[in-house]
Amino acid sequence: MKLFVFSIVLVVLFGFFISVEAQSTGKLKRVVIDAGHGGKDPGAHGQYSKEKDVVLAVALKLGNYIEKYLPDVEVIYTRKNDEFIPLMERAGIANKSKADLFISIHANYISNSRVRGTETFALGLHRSQENLEVAKKENSVILLEDDYTTTFEGFDPNLSESYIIFELYQNSYLDQSLEMASLVENQFEQRVGRYSRGVKQAGFLVLREIAMPGVLVELGFLSNSDEEKYLTSNEGQSLLASGLFRAFKDYKQNFDDKNKFNRPTQTAGIAKNTSPIKYRIQIASSRKKIKQGSSVYRKLDDIYEYQDGNLFKYTTGETKTFSEISKILPQIRKEFKDCFIIAFENDKRVPLSDAIAKTEE
Ligand SMILES: [Zn+2]
């Protein structure tokens, strides 16, 4: 019974992977900038400011930089004014535009006024309870929407179980989302001079339905008076927007370069017999190289490292077919619950759908 359900999920996912691939050839052409909240949903409150106003200002500045300095990129906004846009509509705007990247901009609040810093979430997975709490807070906006139970198919933002589904949806984009997230936090920390709380992962509802890589950026805490001052100042907003812009520019550069090299794999005819495909299970991504002897290495003895952009990635297992690797996955998941299957052709990462088309009958 379980296997049956799993197969259905796979079929759904493959359709998904293939459509993803079809739209991601060539250069990065479109980006969606999503200023969180708006209208009747103010988001977090500071002493004198509202999240919806801070994030709109930064979103518009970011869009201006992209339009000015990267004129070949089309910028799509989910909102340019103080208006309420339902989450599903935000996802709809993004998907209809067939954008290559989704950037959702938010500001944070917590009862402890000493807490500060930026953090960027790669969409998809939740690593810890703390991340889940942030996800619940941001998602609770759906309760403001009329008839949310039908719109969201019974999704209850306060139930942890609701977030499990994100894993299935988002794995295919997680790598790219993580790459963007780490570029953003690097910029905030090293160039803008903010205190960075780092890259995190969580399942945000707004990002669930989006068929593209995406990040949710928390610019800082409105509950911290220093940060509120910075976040509401024109200078602070400009600096944060310029950090986001440089991260985006680097992401686009990597994206365009990668696609240039990936194109030959489209000519699959000859490759079919000569290029061996390997499946592996990805267990970790890291901005820094993970040392041998660290906890990841201690859990498994068969670990393969590869580099992708500015990230080091770690995999385990190696099989020639998808069905074989699928059998190993449940064991690995016991230690690394966010792990997922990836494919290589001639030791180069390829879309899973491409590999499966070649190895499975
Ligand atoms: Zn928010």
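Numbering of residues starts from 1 in every chain and runs along the sequence as written. Reporting of local features is limited, given that this is a predicted model, to residues whose pLDDT is at least 70; pairs of side-chain atoms are given and counted only at 80 or more, and all residues count toward the totals for whole chains, interfaces and linings. Calculation of side-chain values draws on the structure's entire complement of heavy atoms; hydrogens and water are dropped beforehand.

## Examining helix α8 (residues 225–232)
Logical step 1: Type-normalised accessible area, obtained with a 1.4 Å probe on protein chains alone, sets the label of each residue: buried when under 20%, exposed when over 50%, and partly exposed for intermediate values. Runs of H or I in DSSP of at least four residues are treated as helices and runs of E of at least two as strands, each being numbered from the N terminus. When we look at burial in α8, the residues that qualify are Glu 227, Glu 228, Tyr 230 and Leu 231. With its buried residues spanning 165° around the axis, α8 presents them on a single face. In this structure, α8 carries Asp 226 and Lys 229 as exposed residues pointing more than 90 degrees from its buried face. The directions considered for the arc run from the helix axis to the C-beta atoms.

## Section: the pattern of salt bridges
Logical step 1: Any Lys or Arg side-chain nitrogen found within 4 Å of a carboxyl oxygen on Asp or Glu counts as a salt bridge. Scanning the entire structure with this criterion turns up ten salt bridges.
Logical step 2: Between Asp 34 and Arg 90 there is a salt bridge, with its nearest N and O atoms 2.8 Å apart. Pair noted here: Asp 34 is in strand β1 (residues 30–35) and Arg 90 is in helix α3 (residues 87–96), with a separation of 56 residues, a long-range link.
Logical step 3: The buried category is assigned to Arg 90, whose relative accessible area is 3%.
Logical step 4: A salt bridge links Asp 256 to Lys 252; its shortest N-O distance comes to 2.8 Å. Placement of the pair is Asp 256 and Lys 252 together in helix α9 (residues 234–262), with a separation of four residues, close to one helical turn.
Logical step 5: With a relative accessible area of 6%, Lys 252 lands in the buried category.

## What to know about the pairing of strand β2 (residues 74–77)
Logical step 1: Note: β1 against β2, four bridges, orientation parallel. Within β2, the position partnered with Ile 33 by the bridge is Tyr 77.
Logical step 2: Clockwise travel from the first strand over the helix to the second, with the strands pointing away from the viewer, marks a crossover as right-handed. Handedness of the crossover is the feature at issue here: the chain leaves β1, passes through helix α2 (residues 51–69), returns alongside β2, and the resulting connection is right-handed. In this description, strands pair whenever DSSP reports at least two bridges between them.

## What about the packing of aromatic side chains?
Logical step 1: Centres within 6.5 Å make a pair out of two Phe, Tyr or Trp rings, where for Trp the six-membered ring is used; the pair is then stacked when the planes are under 30 degrees apart, edge-to-face when over 60, and tilted otherwise. Using the criterion set out here, one finds six aromatic pairs in the structure.
Logical step 2: Summarising the aromatic geometry, the rings of Tyr 304 and Phe 344 are spaced 6.0 Å apart at their centres and angled 85° between planes, so their arrangement reads as edge-to-face. Of this pair, Tyr 304 sits in strand β8 (residues 303–308) while Phe 344 is found in strand β10 (residues 340–345), placing the two residues 40 residues apart along the sequence.
Logical step 3: Exposure remark for Phe 344: the relative accessible area of 1% places this residue in the buried category.
Logical step 4: Ring geometry for Tyr 306 against Phe 344: centres 5.0 Å apart, planes inclined by 90°, an arrangement best described as edge-to-face. A residue pair is termed long-range when its members are at least 10 positions apart, and Tyr 306 in strand β8 and Phe 344 in strand β10 qualify at 38 residues. An identical accessibility class is assigned to Tyr 306 and Phe 344; each is buried.
Logical step 5: Here the aromatic residues Tyr 65, Tyr 69 and Phe 245 are joined through ring pairs into a cluster of three or more.
Logical step 6: In this scheme, Lys NZ or Arg CZ marks a charge over a ring once it lies within 6 Å of the ring centre and within 35 degrees of the ring normal. Sitting above the plane of the Tyr 230 ring, Arg 194 keeps its charged end 3.5 Å from the centroid.
Logical step 7: If you follow Arg 280 out to its NZ or CZ, it ends over the ring of Phe 344, 4.6 Å from the centre.

## Re the sheet that holds β10
Logical step 1: Strand order in the open sheet made by the five strands is β8-β9-β7-β10-β11, with antiparallel pairing throughout. In the strand order of this sheet, the two ends are held by β8 and β11 (348–350), each with one partner. When the angles between neighbouring strand axes are averaged without regard to direction, this sheet yields 50°.
Logical step 2: In this structure, strand β7 (residues 277–286) lies alongside strand β9 (residues 311–319), joined through six bridges in antiparallel fashion. Residue pairing for β9: Ala 284 is matched across the bridge by Tyr 314.
Logical step 3: Should any heavy atoms of two residues lie within 4.5 Å, those residues are counted as being in contact. The axes are straight lines fitted to the C-alpha atoms, using for helices just the contacting stretch, and the angles between their N-to-C directions are given from 0 to 180°. Sheet strands in contact with helix α12 (residues 322–335) are β7, β9 and β10, and its direction is about 25° off that of β7.

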